[in-house]
Amino acid sequence: MNFSKHILVTGGAGFIGSHVVRRLVRNYPNYLIVNLDKLTYAGNLENLNDVAAAPNYRFERADICDAAALQRIFDAHQITDVIHLAAESHVDRSIEGPMEFVMTNVVGTVQLLQAARASWGNETNHVFHHVSTDEVYGSLGDTGLFEESTAYDPRSPYSASKASSDHFVRAYYHTYGLPIKMSNCSNNYGSHHFPEKLIPLMIHNIIENKPLPIYGKGDNIRDWLWVEDHASAIDAIFHNGRIGESYNVGGLNEWTNLELVHYLCRCMDDKLGRTAGTSAELITYVTDRAGHDKRYAIDACKLSTEIGWQPSVTFEEGLSKTIDWYLANQDWVSKVTSGAYQEYYEKMYIGR
Ligand code: NAD
Ligand code: TYD
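What about the sheet that holds strand β2 (residues 31-37)?
Spatial ordering of the open sheet is given by β3-β2-β1-β4-β5-β6-β10, a layout of 7 strands whose pairing is parallel. Here the strands that pair on one side only, and so sit at the sheet edges, are β3 (57-61) and β10 (246-249). This sheet shows a mean twist of 20° between the axes of neighbouring strands, independent of strand direction. Relative to strand β4 (residues 81-84), strand β1 (residues 5-10) runs parallel, the two being bridged by 4 bridges.

Some details on the site of ligand 1
Within the structure, ligand 1 sits among 28 residues, and Ile16, Asp37, Ser89, Tyr158 and Lys162 are positioned closest to it. Residue Lys38 places a main-chain N or O atom 3.1 Å away from a nitrogen atom belonging to ligand 1. Between an oxygen atom of ligand 1 and a main-chain N or O atom of Leu85, the distance comes to 3.0 Å. For the shell around ligand 1, the secondary structure elements donating two or more residues are α1 (15-27), β5 (127-133), α5 (157-176) and β7 (187-189). Counting residues per element, the shell around ligand 1 draws most heavily on β5, at 3 residues. Here the residues of the shell around ligand 1 sort into 13 nonpolar, 11 polar and 4 charged.

Regarding the packing of helix α2 (residues 67-77) against helix α4 (residues 99-120)
One can describe the packing of α2 onto α4 by two numbers: an axis separation of 10 Å at closest approach and a directional angle of 40°. The angle between α2 and α4 falls in the class oblique. The hand of the α2/α4 crossing is right-handed. Touching Ala67, Leu70 and Phe74 of α2 are Gln111, Leu112, Ala115, Ala116, Ser119 and Trp120, all from α4. Here the contact of α2 with α4 is composed, by residue class, of 7 nonpolar, 2 polar and no charged.

Observations regarding the packing of α1 against helix α7 (residues 227-240)
It is at 9 Å that the axes of α1 and α7 come closest, and there the two elements cross at 60°. Taken together, the axis directions place α1 and α7 in an arrangement best described as oblique. The interaxial crossing formed by α1 with α7 has right-handed handedness. Contacts from Phe15, Ile16, His19, Val20 and Arg23 of α1 reach α7 at Val227, Glu228, His230, Ala231, Ser232, Ile234 and Asp235. Taken together, the residues that form the contact of α1 with α7 break down as 6 nonpolar, 3 polar and 3 charged.

Observations concerning the packing of aromatic side chains
Counted according to the given criterion, the structure contains 14 aromatic pairs. Between the aromatic rings of Tyr41 and Phe194, the centroid separation amounts to 5.0 Å while the plane-to-plane angle is 90°, which identifies the pairing as edge-to-face. Residue Tyr41 is located in the loop between β2 and β3, and its partner Phe194 is located in the loop between β7 and α6 (198-208); the two are separated by 153 residues in the primary sequence. The ring of Tyr41 has Arg93 sitting right over it, with the charged end atom 3.6 Å from the ring centre. For the cation-ring pair, Arg117 lies above Tyr176, with the distance from its terminal atom to the ring centre recorded as 3.6 Å.

Things to note about the site of ligand 2
Surrounding ligand 2, one finds 19 residues, the nearest of these being Glu135, Pro213, Arg222, Arg289 and His292. Measuring from an oxygen atom of ligand 2, one finds a side-chain N or O atom of Arg222 at 2.7 Å. Listing elements by their share of the shell around ligand 2, those giving two or more residues are α6 and β8 (212-215). Of the residues that constitute the shell around ligand 2, the class distribution is 9 nonpolar, 5 polar and 5 charged. Here the shell around ligand 2 spans two domains, and each of domain 1 (5-186 + 227-249) and domain 2 (189-222 + 254-291 + 313-341) adds at least three residues to it.

Thoughts on helix α10 (residues 315-328)
Between its terminal C-alpha atoms α10 stretches 20 Å, which fits the 20 Å expected from 14 residues at 1.5 Å a residue. For α10, every residue scored as buried is listed here: Phe315, Gly318, Leu319, Thr322, Ile323, Trp325 and Tyr326. One side of α10 holds all its buried residues, which, seen down the axis, span an arc of 160°. Summarising the contacts, the buried residues of α10 are in contact with β7, α6, β9 (221-226), β11 (254-256), α8 (257-272) and α11 (330-336).

Brief notes about a nonpolar patch on the surface
Together, Met99, Val102 and Met103 line one region of the surface with nonpolar side chains, adding up to about 260 Å² of accessible area. Classification of Met103 as partly exposed rests on a relative accessible area of 35%.

Basis of the calculations
Residues numbered from 1 in each chain as written. Chains lettered and ligands numbered in written order. Predicted model: local features only at pLDDT ≥ 70, side-chain atom pairs only at ≥ 80, totals over all residues. Heavy atoms only, no water. Pairing = 2+ DSSP bridges. Helix = DSSP H or I, 4+ residues; strand = E, 2+ residues; numbered from the N terminus. Axes fitted to C-alpha atoms, helices over the stretch in contact; angles between N-to-C directions. Near = heavy atom within 4 Å. Polar contact = N/O pair within 3.5 Å; in protein donor to acceptor, adjacent residues only side chain to side chain. Nonpolar A, V, L, I, M, F, W, Y, C, P; charged D, E, K, R; others polar. Parallel < 35°, antiparallel > 145°, perpendicular 65-115°, else oblique. Left-handed = near helix turned anticlockwise from the far one by under 90°. Contact = heavy atoms within 4.5 Å. Phe/Tyr/Trp six-rings, centres within 6.5 Å; stacked < 30°, edge-to-face > 60°. Lys NZ or Arg CZ within 6 Å of the ring centre and 35° of its normal. Domains from an automatic or database assignment. Expected span 1.5 Å × (residues − 1). Buried < 20%, exposed > 50% of the residue type's maximum accessible area, 1.4 Å probe, protein only. Arc of directions from axis to C-beta. Patch = residues over 30% accessible without salt bridge, like charges linked within 9 Å, V, L, I, M, F, W, Y side chains within 5 Å. Areas by Shrake-Rupley, 256 points an atom, 1.4 Å probe, with all protein chains shown as cover. Salt bridge = Lys/Arg side-chain N within 4 Å of Asp/Glu carboxyl O.

Dropping the structure here:
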């Protein structure tokens with residue numbers, strides 16, 4: 001079959017990547033979707049069981065730091081476009097060990113840019129879409145929103161590595177004319193989210209009656225977006241965004257961590273048939289994260305006015321779907337949290 005685009009999606013076995021791959025495979029049967037993933041602790045091919053047999057889907061296990069593997073994959077699949085999500089993504093892990101973040105997020109991104117440049121030369125009918133985070137902008141005070149023009153001010157090893165990758169992507173546009181697009185999104189939540197991040201960890205611990213660790217006073221603020229709305233934004237930007245531009249993605253949905261966990265506890269009490277207030281008793285205050293960013297909040301006006309993107313669900317709807325998914329897929333949680341992760345979990349969340 002002849003495909004009109006051959007899109008390489010990196011990190012497609014991870015949380016957001018699997019939603020992007022599923023969406024593209026289902027909605028664009030005329031595109032070949034090649035999922036490149038190293039399958040670290042955060043990557044799980046079972047996330048894509050429902051599309052694995054589709055005629056327009058391929059999987060390649062590879063490390064984005066491996067230049068020879070990238071060249072082989074670009075050649076073998078005649079890659080025309082890239083959507084780059086592969087990354088080390090957890091702030092706490094970046095504090096414990098920053099080098100892995102430098103390798104994958106910085107060196108890996110540059111290797112991928114090199115592979116695209118070598119394969120595409122000066123042709124401009126391609127897209128290299130780099131998926132990034134609002135954390136590159138640093139930490140907000142009580143007011144204001146991150147705009148695309150906000151100066152970069154990363155504070156954690158994770159955000160520093162993502163900021164560095166963003167700078168390299170822009171440099172390849174300005175220096176070599178590589179046709180890039182970028183998006184910087186706020187915190188995501190949804191199904192298939194590895195239970196080390198706030199929302200899936202809290203859902204898992206409520207089910208298991210384990211402590212709910214709140215860092216510091218719980219007054220840090222995050223701006224939450226349903227993962228499938230992030231996938232729809234990536235789709236919209238990939239197709240309709242302007243070359244060389246970056247777009248902020250977010251749903252104007254700010255919560256303090258403590259308010260959010262209390263809300264989650266109420267929803268879970270309801271869904272589990274527990275007496276109101278039961279789950280909230282599990283809340284435990286623990287030592288704050290080093291350099292903990294106070295507040296993130298996104299202004300996504302450029303994306304909505306230029307491209308017409310809007311989130312499809314309210315937070316209440318998205319969270320309810322997410323809880324239902326975790327309740328129905330506890331075997332997924334057991335699988336991804338067995339083995340090496342268990343030791344890390346005990347150290348980070350129980351012994352803290
Ligand atoms: P994730 O940790 O769930 O998944 C990352 C995926 O990348 C995994 O499948 C992993 O196996 C793969 N990977 C890691 N290192 C690799 C390497 N060297 N080579 C090939 N594959 C490798 O991450 P996520 O939360 O899905 O985030 C995806 C992207 O979106 C990241 O670039 C992240 O910075 C960005 N982002 C995430 C959020 C969020 O809230 N999770 C918000 C905004 C932006
Ligand atoms: P996280 O999901 O790790 O995302 P990020 O740090 O990239 O925003 O954390 C979200 C917020 O929740 C952040 O302010 C840290 C806080 N947090 C806790 O209070 N307890 C936890 O167990 C975790 C994982 C996070």
